[in-house]
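# Chains, contacts and geometry: an overview
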Amino acid sequence: LAHGGDEATACALLEKIATASDPSVAGRAIQILKGRYDSAGRQEDVLRVLDMALKVAPDDAGRAAVHRELATRLLDAGREVDAATHYASLVVLEPAEPAHLGHLRELAEKTSRHDLLADALARAAETIAQRNGDETLRLTFLVQAAYVRADVLRDAGGAITLYTLVLASPGAPNAVALP
């Protein structure tokens, strides 16, 4: 590729390699494509290959890094709703990181996508439970998700389901269970 070949042909080949079954090969092709597209100012193509990178990221840390970059690039492009979906994923992947939730809350307000916030909070609570994490944080996320469902989205059924999970949790402090 570095020996003077046609750029379009090289990128087309890299795009095909990026769909390879070997994630490390695909990941390397995606990194090369991202660099080429970024250098050429082809931001939509950069975003597209970053979406491809999510599929081959080796672990949660790798996926979180890609979501962070996508969220930042999408915000820079003025695509707040799209950025919010990536911050929602970050809240789920890294629930103990308060900055992700702060960004998601802000974008939910700006875009009226409170459903993304409620869903991310509930899924983050599941993540915490699966990792045997901080029970107080898990319950707090469930209560916050229930509040958004009830008071913002007017989804009483969804709120009841979430509040039921809180009340069913062994040892849930009353202050957390009933804000």
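The structure this text deals with has already been given above.
Notes on the structure in this doc start here.

Of the regular secondary structure elements, the chain holds 10 helices and zero strands. Tracing the chain from N to C terminus, the helices and strands come up as α-α-α-α-α-α-α-α-α-α. Here the C-alpha radius of gyration of the chain, 20 Å, is well above what a compact globule of 179 residues would show, namely 16 Å. Over its C-alpha atoms, taken along the principal directions, the chain stretches across nearly 70 × 30 × 25 Å. Buried residues in the chain amount to 41% of all 179 residues.

Take the nonpolar core next. Buried together is how nonpolar side chains tend to be arranged in soluble globular proteins. Counting 52 residues, the largest nonpolar core has Ile-30, Leu-33, Leu-70, Leu-104, Leu-117 and Phe-141 as the members making the most contacts within it. When residues of this core are assigned to their parent elements, the largest contribution, nine residues, is made by helix α7 (residues 114–130). Dropping the residues within four chain positions of it, Ile-30 is found in contact with Ala-18, Val-49, Met-52, Ala-53 and Val-56.

This brings us to helix α8 (residues 135–152). Look at α8: 25 Å from first C-alpha to last across 18 residues, which is about the 26 Å you get at 1.5 Å a residue. Three or more residues of α8 are buried, namely Arg-138, Leu-139, Phe-141, Leu-142, Val-143, Ala-145, Ala-146, Val-148 and Arg-149. With a side-chain oxygen positioned 3.0 Å from the backbone nitrogen of Thr-136, the residue opening α8 is Asp-134. Phi for Arg-154, located one or two positions after α8, is positive at around 60°.

Definitions and cut-offs
- Residues numbered from 1 in each chain as written.
- Predicted model: local features only at pLDDT ≥ 70, side-chain atom pairs only at ≥ 80, totals over all residues.
- Heavy atoms only, no water.
- Helix = DSSP H or I, 4+ residues; strand = E, 2+ residues; numbered from the N terminus.
- Rg over C-alpha atoms; globule rule 2.2 N^0.38 Å.
- Buried < 20%, exposed > 50% of the residue type's maximum accessible area, 1.4 Å probe, protein only.
- Core = buried A, V, L, I, M, F, W, Y, C linked by side-chain atoms within 4.5 Å.
- Contact = heavy atoms within 4.5 Å.
- Expected span 1.5 Å × (residues − 1).
- Polar contact = N/O pair within 3.5 Å; in protein donor to acceptor, adjacent residues only side chain to side chain.

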